[in-house]
Amino acid sequence: MDTIPVSNLKDRPRPPKPEEVELRFSERAVKELEQLLTHYPDKKSAMLPALWIAQREYGGWLPPEAIAEVAVRLQRSYAEVEGVATFYTMYHVGHPIGRHLIEVCTCLSCYLCGAYRIADYLKEKLGVDWGETTPDGMFTLEEVECLDACDRAPLLQVGDQYIGPVTREDVDALIERLRAEESPTTIRLADEIVQAQLHASDQEKVRG
Amino acid sequence: MPERRLLLEHSGDPEYRTIEGYEKTGGYQGLRKAVTMDRQAVIDEIKKSGLRGRGGAGFPTWIKWNGIEKEKTKPHYILCNADEGEPGTFKDKELMENCPHLVIEGMIIAGWATQGDKGYIYIRGEFVDCARSIKRAIDEAYAKGYLGKNILGTGWDFDIYVHLGAGSYECGEESALMSSLMGERGMPRLKFPHAPLPTVAGLWDCPTVINNVETYACAPFIIQNGGEWYATLGASTKNSRGTKIFSVSGHVNRPGNYEVEFGTTLMELLEMAGGMKGGELKACVPGGSSVPILNREMTEKAVIGYEEMVEAGSMVGSGGCMFLNEHTCIVTFIWRTALFYARESCGKCTPCREGTTWMVQILERIREGAGKPDDIELLRDITKMIDGRSFCGLGDAAAWPVAAALRVFPEEFEYYIGHGRSIVQSPEGLAMMPESDLARV
Ligand SMILES: Cc1cc2nc3c(=O)[nH]c(=O)nc-3n(C[C@H](O)[C@H](O)[C@H](O)COP(=O)(O)O)c2cc1C
Ligand code: SF4
Ligand code: FES
């Protein structure tokens, strides 16, 4: 069976010491984190939201520098933050992904409704297998488990959007549309997730 | 029985998502009434209603609310499980997208009843539309004074925060959800009686109520119309009251959410969803991927109710009801189910971590035509080693579907092992299968 991808140990750089970490969050990101911290009684609990901010700030994935920055900002160890981030499939730890992540649900209802044929078509069309990115850095293809919109099977997720039920023609149209898209949907997804966690009053404070 | 839309009555009306539209239909009247009542009286109404948790286990809701300390020594938390991850289920999604105020009002009522300080709604990361809709509703509720300081002039303060997950089925398990919310890997915690109940020591070791989205969404109706009224719904069943939303998917003509009174039959549900598509009914998984599979005869007899469904051979579960037509290979379906659990196992305990992987390996071997006659017994053994022996419910949920399929459809496994290929060879059936199956025809 498939193995769960883990980063290649020998290629991993030594985690930076806190004092070596270069803090790169934008001013907006710093303020957002400040507001999110007010939602919880301790800093550690802001871990998931902080990782979402980091994923947006670092271009849709989490390089070691992003993990290190979250660790410094939340006063946790690098290992702890990395350990948390690698548990969740929506954080892309240690490996960049394309501008658009196309996630194909092949779980039960989608498989019953032909998801594997949609998957074959996408693999052929993009020339990539699961987990791979097209050479132009445009698309990454991933298989996902039930997205819980099985009434729309077979279903795809791209960025913050669910698309389904899809046919081959829909796939063609989607790829066309995404190629013309100006901003990477992977970054937009992270931003939408951050914004949804802020109250209107928090957002006002962020805007200043 | 026909469909009975209580929670979903106004779902689909865009105005209902706004606070003005919601108030027009009687929204926030439940909360207005609750705050004039004694806290214990609110809990008593929930008790009279017979409401049981809609997240899967069907635990009586009032017992959780009543378990929160009455003499306050610590902050109290109201937690909403909106991590909907069970394959086949999409009811919480519709509630959050289309009826966000219903969920929020339910959480505020729970907060009032238990002297809550803060509420958190943990939404799976993929559900961005839900999160946006809930966030908008929360902002509106603050502006109208249903949240924040001195709610409705009672002197009581209550806040609700949205917290998004990041991709993990296991985070729907309540103790894993709390770990995740507190910034850890989504792994479950030791449970009662080895550790205190969440109502005693949940989030940050403080008293915590945790309920499913649909459970909270029932509360406004119960308080507004009374527990006794609510309990008249589903009165034909042994011990299931009210309505339940079923997410119907698979081989049906009109997949979608259908809200029914307990006591409705699975065949009536199938009819609501427009009947079978592409072939005759072969099997049904009525309550999400975790529950035992039913064959046609069992499905035809099944009545929807927590106890009734167990008698029928399965469970109400989360209400993710998948209908499978005659072209479905049960071995492939069960392999795909097992693969889901193997991928989602958090890895904390050995029976589930190893057992789910072994089940996939054996099923894969069968699917590749290299199955051995002993494999059926071996699979059965593994399900027994996982069920009841794993650290959290995910292990049990992984074992049940496999064990049930071996019991209900033994001939499909025997055929596959004996002939090295599926009993299903129709073009429609082959068109569903993943590559390794197709490659062999
Ligand atoms: C592996 C696993 C996944 C679960 N996923 C969910 C879920 O997505 N949503 C949910 O409400 N309950 C889920 N549950 C059930 C919860 O643990 C818990 O019983 C529920 O949130 C309690 O709410 P209720 O009493 O309102 O049903 C899951 C349980 C297990 C074992
Ligand atoms: S049963 Fe064990 S390994 Fe499986 S999800 Fe629960 S704790 Fe993790
Ligand atoms: S199986 Fe694909 S969304 Fe549920």
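Residues numbered from 1 in each chain as written. Chains lettered and ligands numbered in written order. Predicted model: local features only at pLDDT ≥ 70, side-chain atom pairs only at ≥ 80, totals over all residues. Heavy atoms only, no water.

Asks: I would appreciate a short explanation of the nonpolar core in the present structure.
Replies: Within soluble globular proteins, side chains that are nonpolar generally end up buried alongside one another. Core analysis: the largest hydrophobic core is formed by 179 residues, its most contacted members being Ile 121 and Ile 123 of chain B. Of the residues forming this core, the biggest block, 10 residues, is contributed by helix H15 (residues 330-344) of chain B. For this core, the two domains that each supply at least three residues are domain 1 (15-94 + 187-207) and domain 2 (100-182) of chain A. Setting aside anything within four residues of it in sequence, one finds Ile 121 of chain B in contact with Cys 80, Ala 82, Met 96, Val 103, Met 107, Ile 134, Ile 160, Tyr 161, Val 162 and His 163 of chain B. Among the nonpolar cores identified, the runner-up in size contains 23 residues, and Leu 270, Ala 302, Tyr 306 and Met 309 of chain B belong to it. (Core = buried A, V, L, I, M, F, W, Y, C linked by side-chain atoms within 4.5 Å. Buried < 20%, exposed > 50% of the residue type's maximum accessible area, 1.4 Å probe, protein only. Helix = DSSP H or I, 4+ residues; strand = E, 2+ residues; numbered from the N terminus. Domains from an automatic or database assignment. Contact = heavy atoms within 4.5 Å.)

Asks: Is there a simple way to explain empty space enclosed by the protein in this structure?
Replies: Rolled over the atoms, a probe as big as a water molecule pinpoints where empty space is left. Residues and elements named next belong to chain A. Overall, the coordinates contain five cavities of 30 Å³ or more when judged by the stated rule. Here the largest cavity defines a volume of roughly 110 Å³. What lines the largest cavity is Gln 55, Gly 60, Met 90, His 92, Ile 97, Leu 101, Glu 103, Gln 157, Gly 159, Thr 185, Thr 186 and Leu 189. Elements that contribute at least two residues to the lining of the largest cavity include exactly strand E1 (100-105) and helix H8 (185-196). Looking at the lining of the largest cavity, the element that brings in the most residues is H8, giving three residues. (1 Å grid on protein atoms, 1.4 Å probe; cavity = no way out; pocket = protein on both sides within 12 Å on 5 of 7 lines; lining within 4 Å. Points joined across faces, edges and corners; volume = space filled by probe spheres on them.)

Asks: Quick question: what am I supposed to make of the interface of chain B and chain A here?
Replies: Interface size is often expressed as the accessible area that is lost when the parts come together. Across the contact, 72 residues belong to chain B and 54 residues belong to chain A. Between chain B and chain A, a total of about 5,100 Å² is buried, with carbon and sulfur atoms accounting for 57% of that surface. Looking at the side of chain B facing chain A, the largest losses of area belong to Ala 166, Arg 336 and Arg 343 of chain B, adding up to 13% of the total buried there. On the surface where chain B and chain A come into contact, there are seven salt bridges. Here Arg 343 of chain B makes a salt bridge to Glu 143 of chain A, at a shortest N to O gap of 3.1 Å. Linking chain B to chain A there are 33 residue pairs in polar contact (both at pLDDT 80 or more). Broken down by class, the residue content of the side of chain B that touches chain A amounts to 37 nonpolar, 20 polar and 15 charged. (Buried area = accessible area lost by both parts, 1.4 Å probe. Salt bridge = Lys/Arg side-chain N within 4 Å of Asp/Glu carboxyl O. Polar contact = N/O pair within 3.5 Å; in protein donor to acceptor, adjacent residues only side chain to side chain. Nonpolar A, V, L, I, M, F, W, Y, C, P; charged D, E, K, R; others polar.)

Asks: Where do I start with the side chain of Glu 364 of chain B in this structure?
Replies: All names here are of chain B. Note on placement: Glu 364 falls in helix H16 (residues 350-367). In this structure, Glu 364 is buried with no salt-bridge partner, the nearest side chain bearing the opposite charge being Arg 367 at 4.8 Å. A distance of 2.8 Å separates the side chain of Glu 364 from the side chain of Trp 335, its partner in a polar contact. (Lys, Arg positive; Asp, Glu negative; His and termini not counted.)

Asks: Any chance you could explain helix H10 (residues 213-225) of chain B here in plain terms?
Replies: Working note: α-helix, 3.6 residues per turn, so residues spaced by three or four point in the same direction. Residue and element names in this part refer to chain B. The element H10 is largely enclosed, with a buried count of 11 among its 13 residues. Turning to H10, its buried residues number three or more, namely Val 213, Glu 214, Thr 215, Tyr 216, Ala 217, Cys 218, Ala 219, Pro 220, Phe 221, Ile 222 and Ile 223. With a side-chain oxygen lying 2.9 Å from the backbone nitrogen of Glu 214, the N-terminal cap of H10 falls on Asn 212. With its phi angle positive at about 95 degrees, Gly 226 sits one or two positions after the end of H10.

Asks: I'm lost on the pattern of salt bridges in this one. Help?
Replies: Under the defined criterion, the tally for this structure stands at 44 salt bridges over all chains. Arg 336 of chain B is paired through a salt bridge with Glu 145 of chain A; the nearest N and O atoms lie 3.1 Å apart. Remark: Glu 145 of chain A occurs in the loop between strand E2 (139-144) and strand E3 (156-158) and Arg 336 of chain B occurs in helix H15; the pair is interchain, linking two chains. The burial state of Arg 336 of chain B is the same as that of Glu 145 of chain A; both residues are buried. Several salt bridges share partner residues, and in doing so they unite Arg 28, Glu 32, Arg 56, Glu 57 and Asp 191 of chain A into one network.

Asks: Please clarify how the site of ligand 2 should be interpreted in this entry.
Replies: All names here are of chain B. Taken together, 13 residues are adjacent to ligand 2, and Pro 188, Cys 346, Cys 349, Cys 352 and Cys 392 come closest. Most atoms of ligand 2, that is more than half of them, are within 2 Å of grid points of the second largest cavity. Its residues placed into classes, the shell around ligand 2 shows seven nonpolar, four polar and two charged. (Near = heavy atom within 4 Å. Sits in = over half its atoms within 2 Å of the grid points.)

Asks: Whenever I open this one, a nonpolar patch on the surface confuses me. Can you help?
Replies: Residues Phe 192, Leu 197 and Val 200 of chain B make up a contiguous nonpolar surface patch of about 290 Å² in total accessible area. Its location among the elements puts Val 200 of chain B in helix H9 (residues 198-201). (Patch = residues over 30% accessible without salt bridge, like charges linked within 9 Å, V, L, I, M, F, W, Y side chains within 5 Å. Areas by Shrake-Rupley, 256 points an atom, 1.4 Å probe, with all protein chains shown as cover.)

Asks: What am I meant to see in the site of ligand 1 here?
Replies: Residues and elements named next belong to chain B. In the region of ligand 1, 19 residues are neighbours, and Gly 55, Lys 64, Asn 81, Asn 212 and Thr 215 sit closest. Between ligand 1 and the protein, one listed contact pairs an oxygen atom with a side-chain N or O atom of Asn 81 at 2.9 Å. Protein chains shield 88% of the accessible area of ligand 1, which is 610 Å² for the free molecule. Broken down by element, the shell around ligand 1 gets its largest block of residues, three residues, from strand E4 (residues 208-212). Among the residues making up the shell around ligand 1, the classes are represented as three nonpolar, nine polar and seven charged.

Asks: Explanation requested: the packing of helix H2 (residues 47-57) of chain A against helix H3 (residues 64-74) of chain A in the structure shown.
Replies: Helix packing for two helices is described by the angle between their axes and how far apart those axes are. All names here are of chain A. Look at H2 against H3: their axes get within 10 Å of each other, and the N-to-C directions meet at 140 degrees. Judged by the inter-axis angle, H2 sits oblique to H3. In this structure, the crossing between H2 and H3 has a hand that is right-handed. The segment H2 lies against H3, with Met 47, Ala 50, Leu 51 and Ala 54 engaging Ala 66, Ile 67, Val 70 and Leu 74. The residue inventory of the contact of H2 with H3, partitioned by class, reads eight nonpolar, no polar and no charged. (Axes fitted to C-alpha atoms, helices over the stretch in contact; angles between N-to-C directions. Parallel < 35°, antiparallel > 145°, perpendicular 65-115°, else oblique. Left-handed = near helix turned anticlockwise from the far one by under 90°.)

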